[in-house]
Structures are given as structure tokens and as C-alpha cells.
Amino acid sequence: MENLSPEPSAKPSDFQKEIQKEDGIPLLKIVFKYLILCIRKWYFFAFFVAIFSTYSFFKIRYLEPLYRTSATLKFFVDNNNEVSIPGISEARRKVNTINIQTELATLQSRSIIDSTLRRLPLQFSYYVEGRIKKSELYLESPFKVEIIDSTYIPYDKIFQLKSIGNNKFQLRRESDNNTPVITAQFGVPIEYEGFKIKIFQLGEMYQGDYLFKANSIEQLINRVQSGLSMSEAGKNLNLVNVFYQDKIPRFAADFVNMLCKVYIEKDIQKRQQSTIQSLAFIETLTQEINKKVIESEDALEQLEKNLGVPSLEIRERLGITKLTSADEALGLLELELISTDTLIRQLKEPGRKVFNLTLLESEGSNPFLNSRVEMLNRLSLEQLSLRQKYGSANPIFRDIEKQTAELKNEILQSIQYQKTMLVAKLQHLKQQQKGYQAGLENIPTNQRMLINIKREYELNLKVLSLLKEKRLENAIANAAQISPTSIVDEAFLPNSSISESPREIYSKNISLALVIALVLIILLDLSNSTVIEPEDIEKQTSLPLIGMIRESANKSKQEFAIMQAIENPKSALSESVRSIRTNLQFVVSEHKSKIISITSTISGEGKSFTSINLAGVIALLNKKVIILEMDLRKPKLGMSFRLNNQKGMSTYLSHLNELDEVLQSTEYKNLDIILSGPIPPNPSELINSDRMRQLLEELKDKYEYIIIDTPPIGLVSDAVYLIKISHAALYVVRSHYSRKNFLRTADRFVREHSMINLFVVLNSYRQPRGGYGYGYGYGYGKYYGLGYYGGYTGGYYGGYYGGYYGQGYYSEPERKKPFLIRVLDWLATRRKK
């Protein structure tokens, strides 16, 4: 008698070792898997391709092509005196390093763009209405609108104009049927809803509709800023490329060229500000000195007429000459002090951006101070440009702001020191002047008065001459001022669009649709938590897969398992159950009477279905088979075989009935069954009882196969004993139903109970079309067919899934093919014809 104690077999068989080996090329399997999955879910691709093709069609239909042009500017960065100015060289080096970036910011500033747009004919935009879209007419409009009264300008409204002949037109608001339509004559002032304008006809007008709207400067700035871009042509080349793209090629070229011209003009104006202020300052002094010269000249003339003045001695004439020289020196020093005080006042004035250089350069003037004031002007203007473009929070702006403050402080200290020196020199000259004047005390009063007036006249005359000379120098410098920026290449008129061609649009969008569909299919597959195919089992568990039961072609819902393997012997499902039967024969071949238990994780995975169909195909081999329904908590097999469940395993194990009383024959030859019987209160104790062991020993003498339908192992522990005493246990996993983590439960079950006789059955497996079954048939069929026993079955899975399909080995109820397959079949038929 064979031992039925719950101990595992000593070693796994060679077959068990073989089917646990890794097989196939994983990457090739993955590629093949998703290839077939994409074929099965072709409607994903069809849907997205249809959506993106429709989008492409409307995009091409309504797309306005873009045209791009460019101009090249060259900047001259003055690096002179970089080392010769102590304490400023580092600041100057930083300024020159970022100079190009600063100029780029200035070029794109709103003030430059504003001035550019105001010089172009953009007060109105004109359009012609087409069947599909409206097209803008730049410099090609057959009519022109002029504003008579700028008090009210409706920038947000579009007006529709239609020529009706006889130099007349109709005007109304576009897309607004509630507004009145007026008829007016070209060239005659009109008022329409408060908008006072005059419309002139410039050329022949078609009978279609024309549109026009007034442009605000803000709208125009927003339009051009979106298409304007700039970049350096190369490192250390000081060349900048100005790019602009727009739907109107002529406007694109005009705007870029005007932008460059306006920038250069603005740059010259900024550089002229200092000399202009110097000229104004010199002009003010000139007028004051000229007034004094005229007054002194009149007084001198009057005094000479009224008084007779004797000639002076040589000593007295020499004293007068010295006094005159002192007066001239004092006059120049006083002008230098006025210039110095003016610069100090400007440095202390908040918000000032332009500072006057030293106006009167004498032999003692400070060229170092002049250089620093010039550098301060440049920094201040760059700071203003950066603020307009990027705002005060920009790091470059803050860096220049810091440099400007430091430079201002150094200049202020230097100019105050210079003023101290000038004041000291002035005091010294005044002391000398007093000495010279004391030497003339002996000259008669009338003569002394004449000398003083003449001396003042000559002094003012020399100062006036000096001021006129400086005014001329500054005027010449202002007129000769040029910008260090020049236009290397003007913008050209683009003749080809940079927009995508229809072919490119379709190609890009359809490719994107295919990628989205593919990614969606992969994500849905990866996010699927249920077992679908054999690879899912391989990834989740080390348990060997012994077979796959095909999905039934009969889609009718049943509350209980049915014997489909015998009812439809030529079906794919029947063949798949037969393959499991064949594989089991090699697993339990060494046992005379085979005990096979069948379990699952939860209810609904096909445990009972597998039990009765496997028992049925084994019975077809003329083997005596019995089914034991051991799921005492949820009996169902009685309904499958239409048998009475009043007596069964629960009553037998409780000693209420004997074996012959609970044993029932089925309608199928060689197949008997013992149902579960009434639900007992203690199923676990009954299953693990000695009477259960006694029953199995008694049945082994009568039956060659004992199929035990056990409870689910994920819900209760009743099946542990039954599985351990079985020669083989089948763990049923249902495709598209069982969760992947159920297989980890099976792995834990095997480890905890030291089982080596557990095999996985994939139930309700949906065979993919297009040869997918051949791939899996080869992978698993070689274990159960050619790979193990030399071609007895011809490779059950490989032969059945790949070769038998469609060759008359089995038949399936007719199914309607998917739409894509039917289209391919129709094309193949047409090709043959």
C-alpha cells in the first residue's frame, strides 16, 4: 500500500526539471508580443490616425505660411585705455564683455520697436476676404483709410468694406448684423459709430469684401515681439544676426531694416546728448559774457570821450599788464569752477543718465576725469536699455547698476578734490591781483577808472572768444558723431516659406498618432494587473506552466462548469485540455493510481471547470476516473452533472454514509464522482481526518485517476493536506481575470509547505491571431512535445497552435473576423483575381 502521509516526493522528475528551464530570447519575445498586440488593437492606431489626419487637414487648409528674413549688424567695442585708467580697468573690462548682450537687449526693447513701428505704414491693417480665409494686404491695398479725429479709435473692431461702383462703397461692422450698413463715397469724410475717417480708393477693387482695422501700438508690438529673435554670429566676432518671421514677407524685410536704422539713429542721439548739453551750457555762458562785453565797451567809449587821459609811465604800464594777466587767469579758473560745480550737481541729481564732460580744457585739466565721465555716460545708457528690456531684477542690470554707483562715487571724489585745488589756486591769484592793484594807487582817479573798465572789457572779450571756440568745437563734434554700429547685410525679401509643407505636416502628425497609439497600448498592457499570457506567469512565479486551456468559443454565461471537452471534441478547448492530459501522464507516470488535485487562489478562476474537463478527457482513454469535490464550503459540481447533492464527502467523512452510498456514476463512461454533500460546520477537520486517508486508499484500488477539486488556497487552508498527498497539483490561473500577485501567493504557498509537485494551468487563454500561437506553441511545446519525448505529440502546443489551426484537425464555431482582417482578406482575394 502506498504511503499517503503528507510528505513531498524525494526529487522532482526529469520532466519537472526540464520545464523549469528558461526558454527563448526575452527581447525577441517582447517585440513579438507587442507586435501581435498592436495588430489585435489596430483600432487604437486607426482612431488616432483619423484624429490627427483630420487635424492636419484643417491645419493645412487654414494655415498661413510664415516667411523669415534676417539682417546682420556689426558692433565696435572700444577697448582703448583699458589699462591706462587705474581702478577702472576691471569695471571697463566687464562692460566690454557684456556689451554685445546689452546691445541685443536694447535692440529688442519696447522703445526701439515702438519707434520702428511708428515709421512704417501700420496705422491700419487691410484684408481681402476669401472663401476659406482672409489674407492681409500690406502695401497692396486698393484703398486707404485716414483718421480725421483721433478722439475715438476702435482698435478692437474690424470693419467690412464693399465697393458698389460709381466711386461708392458700403461699410459695416464685420460679423455683426445688428450694426447699420452705410453707403458713402470715396474721399468724403464719414462718421460710423463715432469713428471719424476718410477712405480713399487707390486702385481697382473687386466686387468681394475687404476688411480693415485700426492697430494700436501695443497690438503691433506684441505681434512683432513673437517673431523677433537675435543671436551672435560667432564668439568674439561682434556680429549680430537679427531674425524676424511673419506671414507677410515684405513686412518682415521692411521691419528688420527699419529696426536696424532706428537703432543706429537712437544710438547716435544718445551719444550726442552729452555734447548737446555742453553746447547749451556754453551758450548760456556766452550770452552772459557777451552782455558784459557790450556793457564794458559802451562804458569805455563814453569815458574816453568825456575825459582826457594822460599817458602812463613804463612802470605803471607794466603793472597794468600783470594785472590783466592775473584777471585772465582768474576768469579761466572761474569758468573751470562753474564747469566743476555743474558736474557735481549732475552727479548728485537722482535718475540722471547723461553727464557733461569738462567743458574748458586748460593745460591743467584732468584727462583721467574726462575718461571716467565718458565711461559713466556709457554705463548709464546701457543701464537704461537693460531696464527697458529686462527690468530692474535682471542680474546684468544689477551688475551695471553697482558699477555705475561705484564709478559715480570715484568721479565725485575726484572732482571734489579738483575743485579744492581750483579754489586754492583762485585764492592765490586773487592775492596776486590785490598786489597788482595796490601798485596802481598813485594813478589819477579818472585814469584808474578807465584802466579798470578797459581791463574788464579785454578780459570778457577773451573769455567770450574762448567760449565761442569751445562752442564751435562741440558743434563740430556733435555733427560728426557716428554710431559704432553698422549694417553689414540688410534684410532680404524672402521668397520661400519656412512653414511645414502639407507632406511634412501629415507625416509628422501621423507619426505622432502612431507613437501615441503604441505608447497607449504599452501603458495599458503594463498597467494591467491581471494575468493575460504565459509570459505574465513566467515573470511572476518560478512554478512551471504545464498547459493552457483555450478560451471557449461558447460565450453563453453558465452558473456552473460544463463538460465542453467532450461535448465539442474537435474544438480548440478540447485539444488544449488533451495537451494537459498528455503532459500529466509524464509527470505521474511512475504511479499506478494517480492522485491529481486542482486548486486556485480564489473562486471563479476555473478550478471546477478544469477538474471536470480534465477528468472527462482522461476517461476517454478508457481509464477509470473519479472526481472528489472537496470544496465543502461552496459545492457546484452537482449542478454540472445534474446529480443529487444530499449525500457526499461531508456525510461520508462524518460517518453518516458509506462509500457505496455517496459514490455516483455520471453520464460519461469511466467517470464517477463523489459530490461535496451538505455544507458542514467543520470542513478543515473533516478533510484532515483519518477517514479521508482511508477513502483515498480504498479508491486507489478501484480507479486509475483520482481528481480532487480542492478549495481555493487563497481563501482557506483546507487544500494544504490534499495538495501535499497528491502526485501532481494543478494551480489554475484564469486569463484576464486572475491578478498577477495571485502567483506570488502560490510561490509563498510552495515555500511554506515545501511543495515541488505544483504546476500552473492558464485557463481561458485567448489565442492571438496571426501566428502568435506558434510562438508560444514552440516555446512551451518543446517541453511537452519534441523537446522531451522525441516527437510523440509533434509538439502539442507547437503543433496544435501553429500547425493544426485551419487544417481540419479541430473545428470551431464560426466567428466574425475583425474588420482589419476582413479588409486584408478582401485585398488578397482581389489580388488573386
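The rules behind the values
- Residues numbered from 1 in each chain as written.
- Predicted model: local features only at pLDDT ≥ 70, side-chain atom pairs only at ≥ 80, totals over all residues.
- Heavy atoms only, no water.
- Pairing = 2+ DSSP bridges.
- Helix = DSSP H or I, 4+ residues; strand = E, 2+ residues; numbered from the N terminus.
- Buried < 20%, exposed > 50% of the residue type's maximum accessible area, 1.4 Å probe, protein only.
- Arc of directions from axis to C-beta.
- Axes fitted to C-alpha atoms, helices over the stretch in contact; angles between N-to-C directions.
- Salt bridge = Lys/Arg side-chain N within 4 Å of Asp/Glu carboxyl O.
- Phe/Tyr/Trp six-rings, centres within 6.5 Å; stacked < 30°, edge-to-face > 60°.

> Which parts of the structure should I look at to understand the sheet that holds strand β17 (residues 664-665)?
The pairing of strands in a sheet comes from backbone hydrogen bonds and takes either a parallel or an antiparallel form. Strands sit in the order β14-β21-β20-β15-β19-β16-β18-β17 across an open sheet of eight strands; the sheet is mixed. Of all strands in the sheet, those with a lone pairing partner are β14 (545-550) and β17, marking the two edges. Where strand β16 (residues 625-629) meets strand β19 (residues 705-709), five bridges bridge the pair, whose relative direction is parallel. Of the residues in β19, the one forming a bridge with Glu629 is Asp709.

> Help me out: how do you make sense of the pairing of strand β10 (residues 209-214) in this one?
Side-chain positions along a regular strand alternate between the two faces of the sheet. Most of β10 sits out of view: five of its six residues are buried. Of the strand pairs in this sheet, strand β2 (residues 124-129) and β10 are connected by five bridges, and their pairing is antiparallel. Each residue of the ladder has a partner; that of Tyr126, found in β10, is Phe212.

> Would you mind going over the pairing of strand β5 (residues 159-165) with me for this structure?
As judged from the six bridges shared by β5 and strand β6 (residues 168-173), these two strands associate in the antiparallel manner. In the sheet register, Gly165 faces β6, and the bridge partner there is Lys168. Here β5 folds back onto β6, and the loop between the two strands holds two residues, one of which, Asn166, carries a positive phi near 55°. Note: β5 against β10, four bridges, orientation antiparallel. In the sheet register, Phe159 faces β10, and the bridge partner there is Phe212.

> Looking at this structure, I do not really get helix α7 (residues 217-227). What am I missing?
One turn of the α-helix equals 3.6 residues, which is why residues spaced by three or four share an orientation. When α7 is considered as a whole, its buried residues turn out to be Leu220, Ile221, Val224 and Gly227. Along the axis of α7, the buried residues cluster in a sector spanning 135°; they form a single face.

> Explain the sheet that holds strand β8 (residues 190-192) here, please?
A sheet is described by the order of its strands in space; here three strands give the open sequence β4-β9-β8, paired in antiparallel fashion. One side of each edge strand has no neighbouring strand; the edge strands of this open sheet are β4 (143-147) and β8. Sheet twist, expressed as the mean angle between neighbouring strand axes with direction ignored, is 40°. Bridge analysis of β4 against strand β9 (residues 195-201) gives five bridges, and the strand direction is antiparallel. Counted as the bridge partner of Phe143 is Gln201 from β9.

> Got a minute to help me understand the pattern of salt bridges in this structure?
Where charged atoms from two side chains of opposite charge approach closely, those side chains can pair. Inspection of every chain in the model, using the stated rule, returns 22 salt bridges. With its nearest N and O atoms 3.5 Å apart, the salt bridge here joins Glu658 to Arg691. In this pair, Glu658 is assigned in the loop between α19 (649-653) and α20 (659-662) and Arg691 in helix α22 (residues 690-700), connecting sequence segments 33 residues apart. Using a relative accessible area of 44% as the deciding quantity, one classes Glu658 as partly exposed. By relative accessible area, which is 8% here, Arg691 ends up buried.

> What should I look at first to understand the packing of aromatic side chains in this one?
Aromatic ring pairs: the centre-centre distance and the angle between the two ring planes describe each pair. Counted under the stated rule, the structure contains 19 aromatic pairs. Summarising the aromatic geometry, the rings of Tyr43 and Phe44 are spaced 5.2 Å apart at their centres and angled 35° between planes, so their arrangement reads as tilted. Given a relative accessible area of 43%, Tyr43 falls into the partly exposed group. The buried category is assigned to Phe44, whose relative accessible area is 15%. Consider the rings of Phe641 and Tyr668, whose centres lie 6.4 Å apart with planes at 75°: the pair is edge-to-face. One end of the pair, Phe641, is in helix α18 (residues 637-641); the other, Tyr668, is in the loop between β17 and β18 (671-674), and 27 residues separate them in sequence.

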